[in-house]
Amino acid sequence: MNISSKDLESRIVGENASESLSAIEDLLKLIDVIGDEVLSKSGPTRPTQVEAQSVTLALSRFLHFSGSSEQILGQKELNDLKKYARETVFPRCFEAALKNVSVEANNKLNPSDKHRFNELLFNLVKQGPSFQVFMVLNTVLINSCAGFSQMKFISLMESFIGEKLQSLFLEQCLVEKISTNKEFDQKQNYVEWEELISALSSFPDRIAGKLQNHNNSDKFLPKNYIELLGNTIIIVLEEVHGLLTSDQDCSLEFISRLIGKLCLSGYADILWSSMIRRLCVFVKQNYIWCRICERIVTRVPDKCIESVIVPLLQKIPWYGLVDKFLGDSILTNRKIHFLLCTKLLFHRYFDETQLVRNILGYLASSHTRRMLYLETMENLLSVWGDGSAIKHTSYSQHLFISRALMICIGYLSDKEKSMLKDEFLRILMPAVQCHIGSSDIKLRNLGMVVAETLTTTLDPKGPKLQFEFEKDEEVYDLLSYLEVPEDTSTQTQEEITRSENKDIEQGTCKTTHNPTNLTDDQNTKHNIQTEIELDSDDDLEPYDMSNDVKKTKVKNPKYIRDCMEGLICSDDAEKVEACLFNAEALIRKSPDGLKEIAAEFSKILLHLQDNFSSHGFDAIRFGAMVALAVECPVEVAGYLSSQFYERNYNLRQRMNILEVLSAAAQELAKPVDKSRVRQPKPVEEIKPSKESDDWREIVEKRIEGKTRRFIKGRTQPEPAQVANRFAPVAGHFFFPLLKHFDRSQASFDLLGEETVVLRKLIFSLGIILYSALHAPLATRMCVNLLEFIWVLRYHSDSCIRQALLYATSMIILVLPPFGILTDLQDVMLETKSWLQETIDKDKDTECKRMALQALMLFENTIQKGFKLSLNDAGK
């Protein structure tokens, strides 16, 4: 049957205004004739002979088709005719009507016809087939130019989105139910869906690019638009739930594909935020809602699974609800299994922990998934204790795995503890050794906390691992993951709707009930702390005992040699403490003969042990050694640096040597305050009487009052020039530490297992180098330190790489700009390439940050050098 609608199209675009309006009215009548069967909940029925005859006669008025107008069409022919009218005739005629939207066409109409034309356009949008209306409006709006027509198209699109979006979505859900064509082409249906979904998901970006935010509607902004789509999806799902309850079939494939596309486009957070609260209430009502939510989440295209599930797991407030959205799909869908059990736990990490809580709680909450939970926990423990993984992953990633492991421990049952105890302990023991041997104190704490917790949980009555470590905020946070969370969401649908309406009425106004802008948790802690303070009985001021002097029978030593003898030969605790506590003060006085005994005194202090548990022993001994290195830098630095690589020293003593040298270098590099230096008392001069100076003061005041100054001089005196005390002795602190770094000993292997000392050495070299800023030896020191860094730049331990990057930053700060551009140009360019490679490829986030900081320093120094070169050339 040949059908034609050219007559109706030509009438709409004709120059006769009244004829064009009449044709648009005929188009509306055609819409009434073809009906909107897609929204019929009862589905299509076979038309009676009278209905078929009336519809055939009505269609013949607007369309030209072969055959007699009095011929009664059968059901198939009638449905084909309606489909053609809906999918072909209406879009052409509607697009023809929109072509009349222009300033020229509008000026030809009288006021009554303008109102009539405007009303007809909005009626076409409201009554026309939803799919065709949206696609035509989307096309003409994207292709429009700024002006009257574009503003009119925006108004029409706003009307459609506000009133017809729900019917558009519901059409796609009922398309299989109302299909009267038994040979329905599913591929063609998918093509139409892809076209519609692509238009819906890209609409806010395309319209923003077209309008350039000048005439853009608030409804088209991404946040408002995606929230509107989310609310519409919820309404459509409620309609679908009602249809399924009344035993009518529906398809959720379109909704699932739309959610997948929106999440893949980057709108997942906005979309799920607008939907998750109500969906969490719905899934608690009956199993039909659980099936609906499972279909829309797990039936998304494979490429969208991660984009959909990851934000969803971050938004679900309790792990017990994850089962309502995913069901047992992890057992049948390999992509979901890989995503939840492998990728999200081992290949990615998240700062917030709701996602990992939901994943592991979901695995442990059902007997069908219990084996997956135990398998995942064993994999977590194996990766957590793998030495290579510890070295080649960032601390944030390792902390994430540790949290996941603590969550798994909380879900273990008594039967599983006894069954898996031997296997888990076998994996745990070498893992603890890897953590304790790390140079990063945070990693050591993680290892100790997890090891203690796991051994205590697996065998509460058996032997346990016990470590001494500082319980900081991170440790308490890690221990909190042992508790299994409970469901705290008890809101009903009515409460959610009421709260949303209240938020809409109040807008985005700031809360005034909490003037300090604290959260509920912070307010609770603040109130508890205030109550504790109010209930405290410690309201009495304590006595000031800071000036009290401890009475002892031992006299304080007055000479350096007496102090040394007291530290060596005495077994009296009071005498040792008296000598140790007065050592720094005696050294600071710089007595005669100090240089001759400085090295020996350093040896005594270095080997001195806290046999009597003296208060502040380490700090006092450290202060005395630093004072010795400051007063006698050549002797003390030469002795300490020569002993750093010797045998029979423990790690603590080697660390003390580096700490003393670093602190002494910093103190020597600081300018000396001359006011604190003891100077001989000047001879008092005989001054004239005060009366003889009175006339001079009067004259000076008169001169000062009548003197005009155009340039004000210096208000403060120039700082006094002080020589850098560290510059002449910098080599004694620096070069001996680089002498034997590659020498391996049985008890001390700096490039092997002693990464803690190596890290401290690199930091100390950087501090010593920066203390030698502007010293003649600075450039030579930089060259030697660069060679040392170049050997270790790809060290497997992230803490060593961080220390190397710190030392590199010190080199860039110390080197003069002309030195980087001339003598060391090749070496520094290689260093720059290494920094860029670290930023791009290093696994540790702190290394990336430090490399970026060093690279910025390098660029700034280069720019400074070019400016100086240009200034010199100009002169």
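What you see as residue numbers is a count from 1 along each chain, following the sequence as written. Owing to the predicted nature of the model, reporting of local features is limited to residues with pLDDT of at least 70; listing and counting of side-chain atom pairs is limited to 80 or more, with chain, interface and lining totals taken over all residues. No hydrogens and no water enter the side-chain calculation; it runs on all heavy atoms of the structure.

This part is about the overall build of the chain. Scanning the chain from N- to C-terminus turns up 41 helices and two strands. Categorising residues by exposure relies on relative accessible area from a 1.4 Å probe, with only protein chains included: less than 20% of the type maximum marks a residue as buried, more than 50% marks it as exposed, and the intermediate range marks it as partly exposed. Burial analysis of the chain (875 residues in total) assigns 44% to the buried set. Whether two residues are in contact is decided by their heavy atoms, any of which lying within 4.5 Å being enough. Summarising the internal contacts of the chain: among those between residues at least 6 apart in sequence, 76% fall at separations of at least 24. Helix numbering and strand numbering both begin at the N terminus, where a helix is a DSSP run of H or I of at least 4 residues and a strand a DSSP run of E of at least 2.

With that settled, the discussion passes to the side chain of serine 217. With respect to the secondary-structure elements, serine 217 resides in the loop between helix H11 (186–211) and helix H12 (222–245). In protein, a polar contact means a hydrogen-donor-capable atom and an acceptor-capable atom, both N or O and within 3.5 Å, with residues adjacent in sequence counting only if both atoms are side-chain atoms; elsewhere, any N or O pair within 3.5 Å suffices. Here the side chain of serine 217 touches glutamate 158 through a polar contact of 2.3 Å, side chain to side chain. Setting aside residues no more than four positions away along its own chain, serine 217 makes contact with Ile154 and Glu158.

This next bit is on helix H29 (residues 573–588). Helix length check: H29, at 16 residues, gives a terminal C-alpha distance of 24 Å against a target of 22 Å (1.5 Å per residue), a fit within 8%. Structurally, H29 contributes buried residues whose contacts are with helix H28 (560–569), helix H30 (594–607) and helix H31 (617–631). If you check the start of H29, you find a side-chain oxygen 3.3 Å away from the backbone N of glutamate 574, and it comes from aspartate 572. Serine 590 lies just past H29 and shows a positive phi near 50°. Each helix should span, by expectation, one fewer than its residue count multiplied by 1.5 Å.

With that settled, the discussion passes to helix H37 (residues 778–792). In this model, H37 (15 residues) spans 21 Å end to end at C-alpha, consistent with the 21 Å of a helix rising 1.5 Å per residue. Within H37 the residues assigned to the buried category are Ala778, Met781, Cys782, Leu785, Leu786, Phe788, Ile789 and Leu792. Buried positions in H37, seen along its axis, are confined to an arc of 165° and lie on one side of it. Exposed residues pointing more than 90 degrees away from the buried face of H37 are listed as Arg780, Glu787 and Val791. Where H37 is buried, its residues contact helix H35 (730–734), helix H36 (755–771), helix H38 (798–814) and helix H40 (825–841). Read the arc as the range of directions from the helix axis to the C-beta atoms.

Below, the discussion takes up the pattern of salt bridges. Salt bridges are counted wherever a side-chain nitrogen of Lys or Arg sits within 4 Å of a carboxyl oxygen of Asp or Glu. Under the definition given, this model contains 20 salt bridges. Across the salt bridge formed by arginine 348 and glutamate 306, the nearest N and O atoms sit 2.6 Å from each other. Residue arginine 348 is found in the loop between helix H18 (334–347) and helix H19 (354–364), and its partner glutamate 306 is found in helix H15 (residues 305–315); the two are separated by 42 residues along the sequence. With its nearest N and O atoms 2.4 Å apart, the salt bridge here joins glutamate 846 to arginine 849. Of this pair, glutamate 846 and arginine 849 both sit in helix H41 (residues 845–874), three residues apart, roughly one helical turn.

What follows is about the packing of H18 against helix H20 (residues 370–384). When two helices pack together, you describe them by how their axes are tilted relative to each other and by the distance separating the axes. In this analysis, axes come from line fits to C-alpha atoms, helices being fitted only over the stretch in contact, and the angle between any two N-to-C directions falls in the range 0 to 180 degrees. At a minimum axis separation of 11 Å, H18 and H20 run at an interaxial angle of 25°. By the angle between their directions, the pair H18 and H20 is classed as roughly parallel. Crossing angle aside, the handedness with which H18 passes H20 is right-handed. In contact with His337, Cys341, Leu345 and Phe346 of H18, H20 contributes Leu372, Thr376, Asn379, Leu380 and Val383. When residue character is reported, Ala, Val, Leu, Ile, Met, Phe, Trp, Tyr, Cys and Pro are called nonpolar, Asp, Glu, Lys and Arg charged, and the others, Gly included, polar. For the contact of H18 with H20, a count of residues per class yields six nonpolar, three polar and no charged. For this classification, under 35 degrees means roughly parallel, over 145 means roughly antiparallel, 65 to 115 means roughly perpendicular, and everything else is oblique. By definition, turning the near helix anticlockwise from the far helix through less than a right angle yields a left-handed crossing, and turning it clockwise yields a right-handed one.

A word on the environment of serine 366. Here serine 366 is to be found in the loop between H19 and H20. Taking the C-alpha atoms as reference points, serine 366 and glycine 320, 46 residues apart in sequence, are found 9.8 Å from one another.

When you line up the elements, serine 796 lands in the loop between H37 and H38. In sequence terms serine 796 and histidine 392 are 404 residues apart; their C-alpha atoms lie 6.7 Å from each other.

So, on to the packing of aromatic side chains. In this description, an aromatic ring pair is defined by two values, namely the gap between the centres and the angle between the planes. Put simply, two rings from Phe, Tyr or Trp (the six-membered ring, in Trp's case) pair if the centres are within 6.5 Å, and we call them stacked under 30 degrees between planes, edge-to-face over 60, tilted for the rest. Under the counting rule described, the total for this entry stands at 16 aromatic pairs. Both rings, one in tryptophan 193 and one in phenylalanine 254, keep their centres 6.0 Å apart while their planes meet at 55°; by these two values the pair is tilted. With a gap of 61 residues between them, tryptophan 193 in helix H11 and phenylalanine 254 in helix H13 (residues 253–282) connect regions that are remote in the sequence. Each member of the pair, tryptophan 193 together with phenylalanine 254, is buried. Taken together, the aromatic side chains of Phe134, Phe160, Phe203, Phe220 and Tyr225 make up a single cluster linked through ring pairs. Charge over a ring is defined by NZ of Lys or CZ of Arg lying within 6 Å of the ring centre and within 35 degrees of the ring normal. Residue placement shows arginine 780 over the ring face of phenylalanine 735; its charged tip is 4.6 Å from the ring centre. The ring of tryptophan 790 is capped by arginine 793, whose NZ or CZ atom sits 3.9 Å from the centre of that ring.

Phi is positive for aspartate 247, close to 65°, though the residue is something other than glycine. The backbone of histidine 774 sits at a positive phi, close to 70°, despite the residue not being glycine. Among the structural elements, histidine 774 can be located in the loop between H36 and H37.

The subject of this paragraph is the packing of helix H22 (residues 395–410) against helix H24 (residues 441–458). The N-to-C vectors of H22 and H24 enclose an angle of 10°; their axes lie 11 Å apart at closest approach. Put simply, H22 runs roughly parallel to H24. Counted together, Tyr395, His398, Leu399, Ser402, Leu405, Met406 and Ile409 of H22 and Lys442, Leu443, Leu446, Val449, Val450, Thr453, Leu454 and Thr457 of H24 form the full contact between these two elements. Among the residues forming the contact of H22 with H24, the class breakdown is ten nonpolar, four polar and one charged.

Attention shifts here to the side chain of histidine 398. You can see histidine 398 is positioned in helix H22. Residue class for histidine 398 comes out buried when judged on its relative accessible area of 4%. Side-chain polar atoms of histidine 398 contact the side chain of histidine 435, separated by 2.6 Å. If we skip the residues at most four places from it in the chain, histidine 398 touches Trp384, Ile390, His435, Leu443 and Leu446.

A few words now on a nonpolar patch on the surface. Like-charged residues are merged into a patch within 9 Å and nonpolar side chains (Val, Leu, Ile, Met, Phe, Trp, Tyr) within 5 Å, provided each residue has over 30% relative accessible area and no salt bridge. Working definition of accessibility: Shrake-Rupley area with a 1.4 Å probe, residue cover restricted to the visible protein chains. A contiguous nonpolar patch, built from Trp695, Val699 and Ile703 and spanning about 310 Å² of accessible area, is present on the exposed surface. Counting through the fold element by element, isoleucine 703 comes out in helix H34 (residues 694–705). Its relative accessible area of 52% is what places isoleucine 703 among the exposed residues.

Right, let's get into the state of the cysteines. Our working definition of a disulfide is a cysteine sulfur pair at a distance within 2.5 Å. All chains considered together, the criterion is met by zero disulfides. Cysteine cysteine 280 is unpaired, with the sulfur of cysteine 293 as its nearest cysteine sulfur at 8.4 Å. Cysteine 280 sits in the buried class, given a relative accessible area of 7%. The structure places no disulfide on cysteine 563, whose sulfur is separated from the nearest cysteine sulfur, that of cysteine 579, by 4.9 Å.

Before going further, it helps to spend a moment on the confidence of the model for the chain. The predictor reports its confidence for every residue as pLDDT, a score running from 0 up to 100. Looking at the chain, the pLDDT average stands at 81 and 76% of residues meet or exceed 70. Throughout residues 176–184 the model reports pLDDT below 50, and contacts reaching past four residues in sequence, or to other chains, amount to 14 contacts.

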